[in-house]
Amino acid sequence: MTPKQPAERIRKSPEQVRAAVHQAVIDLLAAPDGTDPTIPAIAQRAGVNHTSIYRRWGSREALLADVVTTRLERNSPLKDTGTLRGDLIAWVQAGVDSIHAPETRLLIRAVALSMPGSADAQDERTQHFRRRLQSIESIRERATARGENPPPLDQILDQLLAPLYIRAIFGIDPPASGYPELLVDRLLGGTADTT
C-alpha cells in the first residue's frame, strides 16, 4: 500500500478566488445553522488558503464590506437619464432591487454587526464603501455639467442611502411602489406625498 498523496491544489485566478470567497461568505451567512463567517470557515468553504483572504482583504470586516459593496454595485454604472432627479431615482431603485435579495440583507446586517471594530478595520471598510460613493459622485458630476445644483454628498447619504440600509438591517421591505420617487423628492425639496 502506498502512502496517500496530498491532493493537488488547483490554482485559481484572482477573479476566481474573489468569486469563490464572496460566494462562501453568502453561503455561510445564509446557512440555517447560522454559521459565523470566520476567515477559516470562509477559506474552507471557498477552497482557498486563509492566508489568501488575509492578504487580499486584511480582515473579516473589510471582506464583508467588499462583498456587500460588490452586490450593491451589480447595477452600476447607471445610465444617464438626463436629469438629476431621474438619475437619483434610478440609483435608489437599483438599491431597492438589491435589498430585496435575502442574501444582500444578510450581508448588510453582517457589516452593521461587525462595526465598530479597530480603526484599521474601519479604514478598510471605508475604502470599500468609497466605491459605492463613486456612483453617487458620478450622478452629482453629471448634474453639475447639465447646470443642475445637486445636493451635498452627506445629504444624499442621509436621505437616500441610510433609509435603504436601515430597512435592510431590520428586514423591513420598502413600499411596493413609489419609494424611490418619495425619497428623491424629499431630498430635492419636491412635493412628494409624505403620508
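It should be noted that the structure appears before, not after, this text.
For every chain, the first residue of the written sequence is number 1, and numbering continues from 1 onward in sequence order. Per-residue local features are limited, in this predicted model, to residues with pLDDT of at least 70; the limit for side-chain atom pairs, both in listing and counting, is 80 or more; totals at the level of whole chains, interfaces and linings are taken over all residues. Neither water nor hydrogens contribute to the side-chain values; these are computed over all heavy atoms in the structure.

Asker: Could you give me a rundown of the nonpolar core, with the residues and numbers involved?
Answerer: Side-chain atoms within 4.5 Å link the members of a nonpolar core, which is a set of buried Ala, Val, Leu, Ile, Met, Phe, Trp, Tyr and Cys residues. Under the scheme applied here, a residue whose accessible area is under 20% of the maximum for its type counts as buried, over 50% as exposed, and between as partly exposed, the area being computed with a 1.4 Å probe on protein chains only. Within the largest apolar cluster, 47 residues are counted, with the highest numbers of intra-cluster contacts made by Val21, Val25, Ile42, Ile53, Leu63, Val92 and Leu160. Strands are runs of DSSP state E lasting at least 2 residues, helices are runs of H or I lasting at least 4, and numbering of each runs from the N terminus. At eight residues, the largest contribution of residues to this core is made by helix α1 (residues 14-30). The contact definition used throughout considers only heavy atoms, calling two residues in contact when any of these lie within 4.5 Å. Those residues within four positions of Val92 in sequence are excluded, and the remaining contacts are Leu160, Leu164, Pro180, Leu183 and Val184.

Asker: So, the environment of Ala20: which residues are in play, and what are the values?
Answerer: Here Ala20 lies in helix α1. On a C-alpha basis, the gap between Ala20 and Arg45 in space is 8.3 Å, while along the polypeptide they are 25 residues apart. Beyond its immediate chain neighbours, meaning those up to four positions away, Ala20 contacts Lys12 and Ala46.

Asker: So what's going on with the side chain of Arg140? Which residues, and what values?
Answerer: Secondary-structure assignment places Arg140 in helix α7 (residues 119-145). Dropping the residues within four chain positions of it, Arg140 is found in contact with Pro150, Pro151, Pro152, Leu153 and Ile156.

Asker: Please provide a residue-by-residue account of the environment of Arg167, values included.
Answerer: Along the chain, Arg167 falls in helix α8 (residues 153-170). Put simply, Arg167 and Val96 are 71 residues apart on the chain and 9.7 Å apart in space, counted from C-alpha to C-alpha. Sequence-distant contacts of Arg167, that is, excluding residues within four places in its chain, are made with Ile172, Asp173, Pro174, Pro175 and Tyr179. Within the structure, the side chain of Arg167 is placed 2.9 Å from the backbone oxygen of Asp173, a separation counted as a polar contact. In protein, a polar contact requires one atom able to donate a hydrogen and another able to accept it; more generally it is a pair of N or O atoms within 3.5 Å, and residues adjacent in sequence count only if both atoms are side-chain atoms.

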